[in-house]
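# Fold and contact review
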Amino acid sequence: MTGVLPITLEESRKIVQALLLSGKEYVCVMKLHGEMEEEKVRKVLEEFQGAIYQRPPLRASVKRKLRTRKIYYTEFLEMEGRNVLFKVGCEGGTYIRKLCFDMGEVLGCGAHMQELRRTRAGPFVEEDTVTLHEVAYYFMQYQERKDGELVKKFVQPMEKALALLPKIYIRDSAVDAVCHGANLTAPGVLSLETGISKGAMVAIFTLKGEAVALAEAAASTQEILNMGHGVVAETRRVLMPRGTYPRCWKSGEI
Amino acid sequence: MSRTVAPWETKRKLIVKAEDKTNPRYGHKPEERPAQEYIKYGVINLDKPAGPTSHEVAAWVKRILKLRHVGHGGTLEAV
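Definitions and cut-offs
Position numbers for residues start from 1 in each chain and track the written sequence from start to end. Each chain is given a letter, starting from A, and each ligand a number, starting from 1, according to the order in which they appear as written. Thresholds applied to this predicted model are a pLDDT of at least 70 for local features of residues and 80 or more for the giving and counting of side-chain atom pairs; totals over whole chains, interfaces and linings are not thresholded and use all residues. Only hydrogens and water are set aside; all other atoms, that is, all heavy atoms of the structure, feed into the side-chain values. Under the scheme used here, helices are H or I runs from DSSP no shorter than 4 residues and strands are E runs no shorter than 2 residues, and both carry numbers assigned from the N terminus. Our radius of gyration looks at C-alpha atoms and nothing else; its globule reference is 2.2 Å times the residue count to the power 0.38. Only protein chains enter the calculation, and the probe is 1.4 Å; a residue is then buried if its accessible area is under 20% of its type maximum, exposed if over 50%, and partly exposed in between. For the accessible areas, the method is Shrake-Rupley and the probe is 1.4 Å, while residue cover comes only from the protein chains on display. Under the convention used here, Asp and Glu are negative, Lys and Arg are positive, and both His and the chain ends fall outside the count. All charge positions are set by atom: Lys at NZ, Arg at CZ, Asp at CG, Glu at CD. Residue ranges assigned to each domain were obtained from an automatic or database domain assignment. In this description, contact between two residues means that some pair of their heavy atoms is separated by no more than 4.5 Å. Reported buried area values correspond to the accessible surface (1.4 Å probe) lost by two parts on association, with both partners' losses combined. Any carboxyl oxygen of Asp or Glu that lies within 4 Å of a side-chain nitrogen of Lys or Arg is treated as forming a salt bridge with it. The definition of a polar contact used here is a pair of N or O atoms within 3.5 Å, where within protein one atom must be able to donate a hydrogen and the other to accept one, and adjacent residues in sequence count solely through side-chain atom pairs. A residue counts toward a patch only above 30% relative accessible area and without a salt bridge, and it is joined to like-charged neighbours within 9 Å or, for Val, Leu, Ile, Met, Phe, Trp and Tyr, to nonpolar neighbours within 5 Å. Any helix carries an expected span of 1.5 Å times its number of residues minus one. The pairing criterion for strands is at least two bridges between them, as found by DSSP.

### A closer look at the overall build of chain B
- Within chain B, the regular secondary structure consists of 2 helices and 3 strands.
- Reading chain B from its N end, one meets helices and strands in the order β-α-β-α-β.
- Rg of the C-alpha trace for chain B: 19 Å, well past the compact-globule value of 12 Å for 79 residues, more than 25% over.
- A principal-axis box enclosing the C-alpha atoms of chain B has dimensions of 50 × 50 × 15 Å.
- Within the span of chain B, comprising 79 residues, buried residues form 41% of the whole.
- By element, 54% of the accessible surface of chain B is carried by carbon and sulfur atoms, the whole surface being about 5,000 Å².
- Seen as two clouds, the 15 positive and the 9 negative side-chain charges of chain B have centres 4 Å apart.

### Structural notes on the domain arrangement of chain A
All names here are of chain A.
- Segmentation of chain A into domains returns domain 1 (2-126) and domain 2 (165-238).
- Taking the mean C-alpha position of each, domain 1 and domain 2 sit 34 Å from one another.
- If you look at the interface, domain 1 gives 5 residues, while domain 2 gives 5 residues.
- In total, about 410 Å² of surface goes out of reach between domain 1 and domain 2, with carbon and sulfur atoms giving 69% of it.
- Viewed at the interface, domain 2 and domain 1 are joined by 0 salt bridges.
- At the boundary of domain 1 with domain 2, the tally comes to 0 residue pairs in polar contact (both at pLDDT 80 or more).

### Comments concerning the interface of chain A and chain B
- Taken residue by residue, the interface counts 92 residues in chain A and 66 residues in chain B.
- Between chain A and chain B, the buried area comes to about 7,200 Å², and carbon and sulfur atoms account for 60% of it.
- Seen at the junction of chain A and chain B, the total is 3 salt bridges.
- In this structure, the salt-bridge partner of Glu 159 of chain A is Arg 33 of chain B, at a minimum N-O distance of 2.7 Å.

### Focus: a positive patch on the surface
- Together, Arg 13 and Arg 237 of chain A together with Lys 40 and Arg 68 of chain B line one region of the surface with positive charge.
- Residue placement: Arg 13 of chain A occurs in the loop between strand 1 (3-9) and helix 1 (16-21).

### Describing helix 3 (residues 96-107) of chain A
All names here are of chain A.
- Taking 1.5 Å as the rise per residue, helix 3 with 12 residues should run 16 Å; its terminal C-alpha atoms sit 16 Å apart, in good agreement.
- Check the buried side of helix 3 and you find it contacts strand 2 (24-32), helix 2 (38-47), strand 3 (50-54), strand 4 (67-80), strand 5 (83-90) and strand 6 (111-121).
- Gly 108 sits one or two residues past helix 3 and shows a positive phi near 100°.

### Comments concerning the environment of Pro 157 of chain A
- Its place among the elements puts Pro 157 of chain A in strand 8 (residues 156-157).
- Sequence separation of Pro 157 of chain A and Ala 211 of chain A is 54 residues, and the distance between their C-alpha atoms is 9.6 Å.
- Contact partners of Pro 157 of chain A, with chain neighbours within four places excluded, come to Pro 30, Arg 33, Tyr 38, Tyr 41 and Gly 42 of chain B.

### Some thoughts on unusual backbone geometry
- One non-glycine residue with positive phi stands out, namely Glu 10 of chain A, at about 45°.
- Looking at the secondary structure, you find Glu 10 of chain A in the loop between strand 1 and helix 1.
- The class of Glu 10 of chain A is buried, set by a relative accessible area of 12%.
- If you check the backbone angles, Lys 66 of chain B has positive phi at about 55° while not being a glycine.
- Inspection of the secondary structure puts Lys 66 of chain B in the loop between helix 2 (54-65) and strand 3 (70-72).

### Considering the pairing of strand 2 of chain A
Residue and element names in this part refer to chain A.
- Within strand 2, 7 of the 9 residues are buried, which leaves the element mostly enclosed by the surrounding structure.
- Pairing between strand 2 and strand 5: 8 bridges, direction antiparallel. Residue pairing across strands places Val 29 opposite Leu 85, the latter belonging to strand 5.
- Strand direction decides the pairing type here: strand 2 and strand 6, joined by 9 bridges, are antiparallel. Residue Lys 24 lies in a different strand from strand 6, and its bridge partner there is Ala 121.

### Observations regarding the pattern of salt bridges
All names here are of chain A.
- The full count for this structure, using the stated rule, is 13 salt bridges over all chains.
- A salt bridge links Arg 42 to Glu 38; the shortest N-O distance between them is 2.9 Å. With Arg 42 and Glu 38 both in helix 2 and 4 residues apart, the pair spans about one turn of that helix.
- Residue Arg 42 is classed as partly exposed on the basis of its relative accessible area of 37%.

This is the structure in structure tokens:
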């Protein structure tokens, strides 16, 4: 098993971009190409925390230009001979294979990635994963017994995938306009979370906790709190179908 | 360099700007969606088996659940 892989079903595919950008955590076995003292390995692991430069490997699905990635933390777990077990928390799009290679260069002995397991993808953690067998089993049970509770044994609402994004909760009367692609304006805002900065991705939610849309904040948390009118977030990806909530906006040109 | 705060370690607070209620006639709390809709707006936190690609695994899920669109959130590097 290689770990956490969030699978989006039908409509929830619209939140994939949020997942791709989200941070990841891995447990990795790095194989050193020579003998090395544990102290040195620990030190290099620590040095690779922070912003690092990475050129995507030859076999990569993105353009091979030098880019920076944030390593939130590295944690030495165990070392046995030339095998080093460590944990790494990093920005989405970090190549761990590359990280191992680069650490090997700094160590001087060379190294490669031997094994990798993802323990977190954004809000999804290893402890809550289900296997393909469980998916098949519970789905079959659900079909036989028509018991909706069984579905909850292997599926989570797409809202869960947005758990790490700052949220803005809006009035019922503002929902349908956003569903039609309108930007969110200040009067529609009921509450919001700290840490929103201009240009960052936010999730727009109803008071029932349903995701309405992904949007780009046009102002910070503090600024939005002080706004009486104007756009607070530009709608980027609508998640809720139109007509779920009543239409409360005047029709102009359609 | 030293450890920095990961996104999942960030604590956020909710600040109220205005008070209002939501009408129970419209929408559902996510966990109260009818089963079919729950799946349609759902995500599976899958423990990916080693061997097949992320893409292949997504295709299996699609077949098992008889769905039309299934995707995945980020390829896991193959060893």
